Each structure stands twice: as structure tokens, then as C-alpha cells.
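# Fold and contact review
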Amino acid sequence: MAAMSLLLRAAAAWGARRAVGGAAGGARLRWPSGAARLPGTVAPVRHSSHGKRMFIIKATSFYDSRFLNLLRFYIFLTGIPVAVFITYVNIFIGEAELAEIPEGYVPDYWEYYKHPISRWIARYLLDPPEKNYEKAMALLDVEAKKTELRLMELEARRLMRARGDGPWYHYETPDKNLTDESMKATPDN
Amino acid sequence: MPEDRDWEVYKAPPTRTPVLEKDTSLSNPVHLFQAAFSYVLDRPITFVREWIERQQAKNKFYYYHQQFRRVPDLSECMEGDYLCFFEAEAQWRRDRMVDQEIVAIVRERFGACQQREGPNQFQNCAKEMEQLVQVTKAYQDKYGELGAHGNARTCLMKQKHRMMEERKAQENADQ
């Protein structure tokens, strides 16, 4: 490549000398001036593989490539172990087969799932669905009893207020002996 | 790995291609393609798959379809018995899911019959079509326009309205 550029420089110098000579000389053969030239090359060389080294000006790709590298790194950091683990489970452990429930056998609640990882999650991480069902029923029971008691209290209050014969709705009134009815003793006041 | 569908259920009728009499001595190039397919694709894949199944056969385990006990329906619950309502609602939702699966299966059967019969479908698939019409009509009657928030109570009210209209129609017919 260095030899090629030397050759080009030699050719350029020779061409320059010939152009100077040709301006004085007159009718001489010139290089075909209509031929397209690369900026920087003086003589078109047929077998050149490198040409002149160019400094290509373009926008930076540093930030983009850094981002993509980091993205790939952090995704694969956990992605590859997870993928390997799932492949291992699918190949060597495999999914469950569907079977009829044998006589007198009550399957555990995780035995209703097909994939081994789902079974594991259901068995060790999640609560049995019967427990959730019973918890919901217990909540409903408590709330139902509360509603019932509140309605009964409202009814009792209404009746005691109306009839006045219960322990509630007693209001302190002043003693009857304290009232001075001397005003009302004579009718002509 | 997704399962293949059950090949025994929708069995295509046996083909009736005639046996050809060979008059040339040239070998059939189709046999060459079949042999190439077999050696390049079929055998390696089958070998890998069978190896995987041998690994999985060492410890087999099973899964079951859960059977739920029947509980009293919403129409058999006393008023204010919220526990009974809850259990009846859960049972109604399970029954609706089962009915959706039934409709899907009947529709799939009809589709399979159509695919199998091709241009003869209108004559040969009449039974499946009738079954699909009946099943979808029944589903629409029961769960039809309840909407996304449909529950056991709205379904029961719909049934009540249907019965009232039936009775009214019968009275009008009697008159």
C-alpha cells in the first residue's frame, strides 16, 4: 500500500511536469480529463484495493453501541441461566400426563397442574385454593353476622323508643316535687 | 411442548387411490425425495425426540382434572345466607366455563367435519350442524345477554323472565 501511494505520488509529479511541458508544447496526449476521479487520487489505478486512507466524518455511534452492549449484557446475565434451567426442566423432567383419578385417592392441590414448574410454584409458593375459598367464606360469615347484629340493634332501639319499656331511652327529668304549681292553684291568673 | 390433537377422534376415511401399474424401468424420483427427507430430517428428529422421551420416562408423574362436589344452587339458598350465595356463585362460574368448553368442542367437531368432507359437507355434516345449532341456542338462552358482569343472580333472573314469557305465551295460545 505504501508502494502504491509512492507510485501515485511519482505519477502525480510526472503528470504535473508533463502538464507544464504540455502548456508550452501544445498538441500532446493528455490524460482523459473527462474520467471521474476520487478526491485525493490523481491517477486512476485499476488494481488498487485500498486507495488513500480516508477519515470519514459521521455522527458518533459510541453512545448507541454502549447502550446496546449494556442492554444485551444485562438481559443475558439472567436470561441465559433462566433459559438453560427451563430447557433442562422441559427435556429431563417433562410435563405430567393426564390420568383418571384412581378410586379412593384424593389428589393434592398441586397435582392438578401439568407443567413441573407450575406444580412446584403451586406446591411451595402459593396457598391451596381451598384455603382461599375458606378464607373468603370466613370473611363473608363475619360480615354477615355483623350485618345481622346491626339490624337487630336498630330494631331493638326502634321498639324501645316506641314502647318505652326497655332499658334504653331513659332521659333524666327533674323531680316532680320541685315544680312550683302555686301559679296554677287559682284559676284566675 | 404443545400436544398434537388426538388423531383417533377425527379419523379421515381411508384413501382409495388405485394401485399403479409401472410400465417404465426408470425408478420413481419421488422415492429419492422420500429417502432424502427420511434420512436428513425425519430420522434425526425422531431419534432426538425418542431420546428425550426416554429421559422423561424415568420418573413419570400425572395430573388430574379436579372434580368439584355439587352444592345447593342459588334457587335453593335462603335469603340472607351469604355463604350459600358464595358457593352457588362459584359453582355457577365453573358450570359456565364447562359450557363454554362444550360449545368449543362441538364447534371444533363441525369444523373438522367440514374440512374432512370438503364439497360434500352440506349433506354429510347435517348431524354435526344440527348439534351445533342446538348447543349454541341453548348456551345463548342460558348465558346469552348477561354481559361481562353476569353472575348467578342475573342468570337466575333471566331464567325467571324466560319462564314468565313462556307462561304468557302459553296463556295466549290457550285463549
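To be clear, the structure that these remarks concern was listed above.
This report concerns the structure included in the present document. (Residues numbered from 1 in each chain as written. Chains lettered and ligands numbered in written order. Predicted model: local features only at pLDDT ≥ 70, side-chain atom pairs only at ≥ 80, totals over all residues. Heavy atoms only, no water.)

This part covers unusual backbone geometry. All names here are of chain A. Its identity as a non-glycine residue notwithstanding, Tyr 169 has a phi of 55 degrees, on the positive side. Locating Tyr 169 in the fold gives a position in the segment after helix H4 (129-163). Look at Tyr 169 and you get partly exposed, because its relative accessible area is 28%. (Helix = DSSP H or I, 4+ residues; strand = E, 2+ residues; numbered from the N terminus. Buried < 20%, exposed > 50% of the residue type's maximum accessible area, 1.4 Å probe, protein only.)

Attention now goes to the pattern of salt bridges. All names here are of chain A. One pass over the structure, following the stated rule, counts 10 salt bridges over all chains. For Glu 143, the salt bridge identified is with Lys 146, shortest N-O distance 3.2 Å. A residue pair is termed a helical-turn pair when its members lie 3 or 4 positions apart in one helix, as Glu 143 and Lys 146 do in helix H4 at three residues. (Salt bridge = Lys/Arg side-chain N within 4 Å of Asp/Glu carboxyl O.)

Relative orientation of the contacting elements helix H2 (residues 62-93) of chain A and helix H1 (residues 29-56) of chain B amounts to 80 degrees, with a least axis distance of 6 Å. Regarding the angle of H2(A) to H1(B), the classification is roughly perpendicular. Across from A:Asn90, A:Ile91, A:Phe92 and A:Ile93 in H2(A), the residues of H1(B) making contact are B:Trp51, B:Ile52, B:Gln55 and B:Gln56. Class assignment for the residues of the contact of H2(A) with H1(B) results in five nonpolar, three polar and no charged. (Axes fitted to C-alpha atoms, helices over the stretch in contact; angles between N-to-C directions. Parallel < 35°, antiparallel > 145°, perpendicular 65-115°, else oblique. Contact = heavy atoms within 4.5 Å. Nonpolar A, V, L, I, M, F, W, Y, C, P; charged D, E, K, R; others polar.)

By definition, a disulfide links two cysteine residues through a covalent bond between their sulfur atoms. Residues and elements named next belong to chain B. Overall, the coordinates contain two disulfides over all chains when judged by the stated rule. For Cys 77, the disulfide goes to Cys 84, at an S-S distance of 1.9 Å. Every disulfide takes its handedness from the sign of the S-S torsion; for Cys 77 and Cys 84 that torsion is -75 degrees, giving left-handed. Comparing Cys 77 with Cys 84, the two get one shared label, buried. Put simply, Cys 113 and Cys 125 are joined by a disulfide, and their sulfur atoms are 2.0 Å apart. An S-S torsion of about -100 degrees defines the bridge between Cys 113 and Cys 125 as left-handed. Of this pair, Cys 113 sits in helix H2 (residues 82-117) while Cys 125 sits in the loop between helix H3 (121-124) and helix H4 (126-143); the two residues are 12 residues apart in sequence, bridging distant segments of the chain. What makes Cys 113 buried here is its relative accessible area of 1%. Sequential numbering of the bridged cysteines in chain B gives the disulfide pattern 1-2, 3-4. (Disulfide = S-S within 2.5 Å.)

By the definition in use, this model includes 12 aromatic pairs over all chains. Where A:Phe73 meets A:Tyr74, the ring centres are 5.0 Å apart and the plane angle is 75 degrees; that geometry is what we call edge-to-face. Consider the rings of A:Tyr105 and B:Tyr64, whose centres lie 6.1 Å apart with planes at 65 degrees: the pair is edge-to-face. In this pair, A:Tyr105 is assigned in the loop between strand E1 (97-98) and helix H3 (116-124) and B:Tyr64 in the loop between strand E1 (62-63) and H2, connecting two distinct chains. Relative accessible area serves as the criterion here: at 9%, B:Tyr64 is assigned to the buried category. An aromatic cluster is defined as three or more aromatic residues linked by ring pairs; in this entry it consists of A:Tyr88, A:Phe92 and B:Trp51. The ring of B:Phe68 carries B:Arg94 above its face, with NZ or CZ at 4.1 Å from the centroid. B:Arg153 extends its terminal NZ or CZ atom over the ring of B:Phe85, reaching a point 5.1 Å from the ring centre. (Phe/Tyr/Trp six-rings, centres within 6.5 Å; stacked < 30°, edge-to-face > 60°. Lys NZ or Arg CZ within 6 Å of the ring centre and 35° of its normal.)

Moving on to the interface of chain A and chain B. Facing the 28 residues of chain A at the interface are 20 residues of chain B. Summing both partners gives a buried area of about 2400 Å² for chain A against chain B, and 64% of it is carried by carbon and sulfur. The largest share of the area that chain A buries against chain B comes from A:Glu97, A:Tyr112 and A:Tyr133, three residues that together contribute 23% of it. On the surface where chain A and chain B come into contact, there are one salt bridge. Close ionic contact of A:Glu97 with B:Lys60 constitutes a salt bridge, the shortest N to O distance being 2.2 Å. (Buried area = accessible area lost by both parts, 1.4 Å probe.)

Read these as geometric descriptors, not functional statements.
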